[in-house]
Each structure stands twice: as structure tokens, then as C-alpha cells.
Amino acid sequence: MKSFLDEDFLLHTDTAKKLYHDHAKTLPIIDYHCHLPPDQIAGDINFNNITHAWLNGDHYKWRAMRANGIDESYITGSKPDKEKFAQWAATVPYTLRNPLYHWTHLELQRYFNINSRLMPGTADFIYDDCSAKLQSPEFSVQQLIKKMNVEVICTTDDPLDDLSHHTQIQRDGAEVKVFPAFRPDKAMHIEDVAGLNAYINKLEAVSNTSINTFEDYLYALKNRHHYFAANGCTVSDHGLEHIYAEEYTEEELRAIFEKVRTEKSVTNSEKVKFKSAMLYNFAIWNQEKDWVQQFHLGALRNNNSRLLSQLGPDTGFDSIGDFSQARPLSKFLNRLDKDDRLAKTIIYNLNPADNEMMAAMIGNFNDGSIAGKVQYGSAWWFQDQKDGMTKQINALSNMGLLSRFIGMLTDSRSFLSFPRHEYFRRILCNLFAEDIENGELPNDIAWTGKIIQDICYYNAKNYFNFKQ
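Residues numbered from 1 in each chain as written. Predicted model: local features only at pLDDT ≥ 70, side-chain atom pairs only at ≥ 80, totals over all residues. Heavy atoms only, no water.

### Topic: the pattern of salt bridges
Overall, the coordinates contain 25 salt bridges when judged by the stated rule. Measuring nitrogen to oxygen at the nearest pair gives 3.1 Å for the salt bridge that ties Lys 18 to Asp 22. One end of the pair is Lys 18 and the other is Asp 22, both in helix α1 (residues 14-24) and four residues apart, which spans about a single turn. For Lys 18, a relative accessible area of 41% puts it in the partly exposed group. Accessibility expressed as a relative area gives 46% for Asp 22, which makes it partly exposed. (Salt bridge = Lys/Arg side-chain N within 4 Å of Asp/Glu carboxyl O. Helix = DSSP H or I, 4+ residues; strand = E, 2+ residues; numbered from the N terminus. Buried < 20%, exposed > 50% of the residue type's maximum accessible area, 1.4 Å probe, protein only.)

Structure (C-alpha cells):
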């Protein structure tokens, strides 16, 4: 029987061990999509304790604690930090076979050199030990990043953000490269006309221009796109239920925008046309600047209206949606491709039922101009665990070229999440090794090792246009 979480965790053969330890383990990390707060990186802060570093904002853990019957006062409420941690420690033993069990103990090992399992009997020791370390200079956020050999981080930023923290990080010469990513979803959130108007008013102030027409709106947003580019941005991102690709006319858009500015009701058809036009224009700007555009598709958000009203969004009440994805995605990509306006594109899928469809879709728009131009993005959110990663890897292997895949990301708000790259690398190496051991791939460790290195690091390094 193997020991839990030893050096060969998830590596089931000698071939897997060789592939991981000799080819994947020591590669740097390019984390090209996450939600880390740039102000904390710029300030190189220290967390007060492990609860602040580990539990604050982590809706993965919050969902598990609620499922375990923990009162909300210990999750997002006002209970003392050590008591919150004790309730998480009481939950962890009940997370067996949930990826949180693996992640929790990987993070304790990799950051804090703690090999004990987290449970009520070890909670006090682990809380005290981790909290003391986190308050030391060696465990500031930049040192946590350095400890995990992270080379590049892309944060997620609204067009209204001033990017001053990114400027400070560059100016101060941090070892890790931190770049913004342009995420303009709020600029197309026409479902809330009053909220969109408030957003437009803020954009007027930030861009120092009046916005009265749809053309004014695009002009102001494009200026923010220019501003992001001037501050090192080469990546955009969207989080959508599905792609919008409805036909529209310029006259319709002008009329819809006038309704928005006068706070008149907008029909469902008008909402879809507006969002379709916004997505198309953003994509054109991305292609003009040779940016990489990302589309995270398939989340059904804010399902629990009662707790949403109490706690707000992004607190653990989102789930997998079952939207119709193929036809609008095809229409959107095709419109851009036929005019040679399709930027490098990454499509992320949240519903595993759509894995093969998404993996097949990218092949329609890889045109030979760039290796892996259109990517089937890594398993994310509810899928970034052993089973989900394996299914995503297998779908891409069967429908496209896994060898051109740009690999893993954290998509996380936590500075302690970088071992997810290690988790992915171990799973990847074990899958290749299984095929070699079964005679389904040649026993060519040198070539297979190169492919693994490419997936884990070099493909992403070559794919993105990060300024060094």
C-alpha cells in the first residue's frame, strides 16, 4: 500500500515517476488566468493568520463547510479567525474523495512543510504554526509566489481599473511578472440597465469623455483597451453562460443604447443583440493588438437568491449550467475567421457533457498560422480535479493535439493555490505513462518528456506575448 501524499503521489508506475520527476517537476509556472488581488502583490503583504490566507474568499471551502452543517457565522460571519479555522479542520476529514482533501494537504506540505493531516486534533498546532510563519518576511505574498517557482501571473481586471498596482509591481522590480487581463463583462451587463448606466457614468469619469451614443461608448472602452495595452496587458477574458452571436444593425444598436441611457426597458432580443455586438468589437480589438482572448463558458451563477441577498455574489452559490453552446460559438468564431480577424483564442468549458463538442470545435478554426491558435482550455472550476482534468485531457487528445496544449492555471483567489499546477502535472505524467506501459505509446521517454515539458510550460511561454 502506498503512503498518502508521498513524493510519488498520483504516479502509479516507474515510467510515471520518471516523467514527472525528470521532466515536469521543476519547471516554472505560468499562471495565465487567476483572480489574485494585485494590490496585495504590490504591497507584498503578510497575512495575519492562516484563516486570512486560506479561508477568506475561498468559496470551494465555504461550500464544503455548509454541506458539512457548519453555521454561516463560522464561514463568512464574524466568528474569531481561529474558531473559523477549527470548523474548517473539523470539515476536512469529511472531504475524502473531494479534491479539497488533496489540495489542503498539498498546500500544507509545499508551503509550510507540514505532513500532518488536518483534523480537530491537529487544528491548534497547524493554525499556530502556519500563522506564525505567515507573519514572517519569508512568507510574504511575493515570497509565497517565489516558493512555488511562479514566473508569470495574469490577474483579472475591469476596464475601469487604474492598474496602479501593476505599475508599482513593475516599478519595484518584483521577481514574478504580473500582468493585467482585460475583462469587460460589466460593460455588457445590460440585464441591469440601472447598473450599466452607473458603469457608463464611471467610464465617463475615468476616460474624461462624454458618452451619449453607442459610438461614444465603444470609443471610450477602446481607449481603456489601449490603456491596458500600454500597461503590459496582452490578454482578455470573459465569463459567460454562452457566446452571444445574434445578428444586429448599427441602427438597432444606437436605439438600444439610447434606451439604456434613458433607463427604459430593453427586450430580451435587444439584450442579446447588444451583448453580441460588444463581444464582436472586443474580439476585433484583441486581434488588432495580437492579444490572447479567453472565454469561460457554462457557469449558472447566483442560484440561491436568499443567500445571494445576504452575502452577495461569488460566495459559493454558482454551479454547472446546461446551455446550448455549439451553434453560437461556431457562428461567433466563424464571423471573425472569415475576415481574418480571429485572435488567438482559449475556450474553457464548465459542463463535462460538452467536452468532446468543445474539443472538436477548436479544430474548425485552427488554420495553420500558429500552432494551437485556438485552444481548448484546461479543466476549470468544478472540473479542476483528477477526474475532470483527465476527461479534458482525453477529449483534447482524441479530437485535437494534446501536444500543443498550453496547460494548467489556478483560476484562484488564493496565494496558496499554486500546487494545483503540480497536481495537473502529476496527472498528466501518469496518463502518458499508462499508455507507454500498455504499449499504446512508444517507450521513448526523451520525446514524451519533451511533450510533457511543452504542455506544462513551453507551449504557454510561446503562445502568450508577455513582455519580459
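### Focus on the side chain of Glu 107
For Glu 107, the location among the structural elements is in helix α6 (residues 99-112). No salt bridge forms around the buried Glu 107; measuring N to O, its nearest opposite-charge neighbour Lys 61 is 4.6 Å away. In this structure, Glu 107 is in contact with Trp 54, Phe 112, Leu 416, Ser 417 and Pro 419, ignoring residues within four places of it in sequence. (Lys, Arg positive; Asp, Glu negative; His and termini not counted. Contact = heavy atoms within 4.5 Å.)

### Let's talk about the sheet that holds strand β4 (residues 235-240)
Strand order in the open sheet formed by four strands is β4-β5-β8-β9, and the pairing between neighbours is parallel. Bordering the open sheet on either side are β4 and β9 (374-376), each of which pairs with just one other strand. With direction set aside, neighbouring strand axes in the sheet form an average angle of 15°. The sheet contact formed by β4 and strand β5 (residues 292-297) spans six bridges and is parallel. Each residue of the ladder has a partner; that of Ser 236, found in β5, is Gln 293. Together, β5, β8 (344-349) and β9 form the strand contacts of helix α16 (residues 355-363), whose direction differs from that of β9 by roughly 165°. (Pairing = 2+ DSSP bridges. Axes fitted to C-alpha atoms, helices over the stretch in contact; angles between N-to-C directions.)

### Considering helix α13 (residues 268-288)
Its 21 residues place the ends of α13 31 Å apart at the C-alpha level, agreeing with the 30 Å of an ideal helix rising 1.5 Å per residue. Of all the 21 residues making up α13, 16 are buried; the element is thus mostly covered by neighbouring parts of the structure. (Expected span 1.5 Å × (residues − 1).)

### Some points on the environment of Gln 109
For Gln 109, the position within the fold is in helix α6. Looking at Gln 109, the relative accessible area reads 15%, which means it is buried. For the pair Gln 109 and Tyr 248, spaced 139 residues apart in sequence, the C-alpha separation works out to 54 Å. Side chain to side chain, Gln 109 and Arg 110 meet in a polar contact 2.8 Å long. (Polar contact = N/O pair within 3.5 Å; in protein donor to acceptor, adjacent residues only side chain to side chain.)

### Observations concerning the packing of α1 against helix α19 (residues 445-463)
Remark: α1 packs on α19, axes separated minimally by 9 Å, with the N-to-C direction vectors making an angle of 55°. Our classification of the angle between α1 and α19 gives oblique. As α1 runs across α19, the sense of the crossing is right-handed. The segment α1 lies against α19, with Thr 15, Lys 18, Leu 19, His 23 and Ala 24 engaging Ile 445, Thr 448, Gly 449, Ile 452, Gln 453 and Cys 456. Among the residues forming the contact of α1 with α19, the class breakdown is five nonpolar, five polar and one charged. (Parallel < 35°, antiparallel > 145°, perpendicular 65-115°, else oblique. Left-handed = near helix turned anticlockwise from the far one by under 90°. Nonpolar A, V, L, I, M, F, W, Y, C, P; charged D, E, K, R; others polar.)

### Things to note about the environment of Lys 264
Here Lys 264 is to be found in the loop between α12 (250-261) and α13. Placed 183 residues apart in sequence, Lys 264 and Trp 447 show a C-alpha to C-alpha distance of 61 Å. Excluding residues that lie within four positions of it along the chain, Lys 264 makes contacts with Val 193 and Lys 259.

### What to know about the pairing of strand β2 (residues 150-154)
For β2, the buried fraction is high: four of the five residues fall into the buried class. Of the strand pairs in this sheet, strand β1 (residues 29-31) and β2 are connected by three bridges, and their pairing is parallel. Counted as the bridge partner of Ile 29 is Val 150 from β2. Where β2 meets strand β3 (residues 177-179), three bridges bridge the pair, whose relative direction is parallel. In the sheet register, Ile 153 faces β3, and the bridge partner there is Val 178.

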